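Working through the structure, step by step
Each chain, written out:
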Amino acid sequence: MAEFFVENTENTPKTGPQIHKKDCRLIVATQPLHYLGSFSHVDAAIEKAKGRYHAISLCPKCLPEKTPTA
Ligand SMILES: [Zn+2]
């Protein structure tokens with residue numbers, strides 16, 4: 001299981017908030033983080049995020065295996 005967070009960056013209005021894994025180095029400390037939950041696969045985290053945000057994107061650093069879905 002991995003914990004996932006959403007970084008609700010205000011400077012990415014087109015791509016939407018980015019999903020990160022816990023401890024990702026690209027998470028900006030000054031931005032608010034929203035805890036998504038602990039999931040066995042990123043797809044589950046994406047589904048959860050889709051229910052909360054209109055558009056989401058995935059961090060290219062910690063989730064490079066997935067292309068953006070937004
Ligand atoms: Zn990341």
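Attention in this report is confined to the structure presented alongside it. Since the structure is predicted, the reported quantities are computational estimates derived from the model, not experimental observations.

**Focus on the overall build of the protein chain**
Within the protein chain, the regular secondary structure consists of 1 helix and 4 strands. Across the 70 residues of the protein chain, 21% fall into the buried class. Residue pairs in contact within the protein chain that sit at least 24 positions apart in sequence constitute 56% of those at least 6 positions apart.

**Points about the sheet that holds strand β1 (residues 2-7)**
In space, the 4 strands of this open sheet follow the order β3-β1-β2-β4, with mixed pairing throughout. Strand pairing shows two members of the sheet lacking a second neighbour, β3 (33-39) and β4 (57-58), which therefore form its edges. Bridge count between strand β2 (residues 18-21) and β4: 2 bridges; the pairing is parallel. Across the sheet, the residue bridging to Ile-19 is Leu-58, located in β4. Lying over the sheet, helix α1 (residues 42-50) contacts β1, β2 and β3, oriented at roughly 135° with respect to β3.

**Focus: the environment of Phe-5**
Tracing the backbone through its elements, the reader meets Phe-5 in strand β1. As for Phe-5 and Pro-17, which are separated by 12 residues in sequence, their C-alpha atoms are 9.9 Å apart.

**Comments concerning the nonpolar core**
Counting residues in each nonpolar core, the largest one holds 11 residues, listed as Phe-4, Phe-5, Val-6, Ile-19, Ala-45, Ala-49, Ile-56, Leu-58, Cys-59, Cys-62 and Leu-63. The set of elements that each furnish at least two residues to this core consists of β1 and α1. Counting residues per element, this core draws most heavily on β1, at 3 residues. Ignoring any residue separated from it by four or fewer positions in sequence, one finds Ala-49 in contact with Val-6, Ile-19, Leu-36 and Ile-56.

About the criteria used
- Residues numbered from 1 in each chain as written.
- Predicted model: local features only at pLDDT ≥ 70, side-chain atom pairs only at ≥ 80, totals over all residues.
- Helix = DSSP H or I, 4+ residues; strand = E, 2+ residues; numbered from the N terminus.
- Buried ≥ 20, exposed ≤ 12 C-beta atoms within 10 Å, placed from the backbone.
- Contact = placed C-beta atoms within 7 Å.
- Pairing = 2+ DSSP bridges.
- Axes fitted to C-alpha atoms, helices over the stretch in contact; angles between N-to-C directions.
- Core = buried A, V, L, I, M, F, W, Y, C linked by C-beta atoms within 7 Å.

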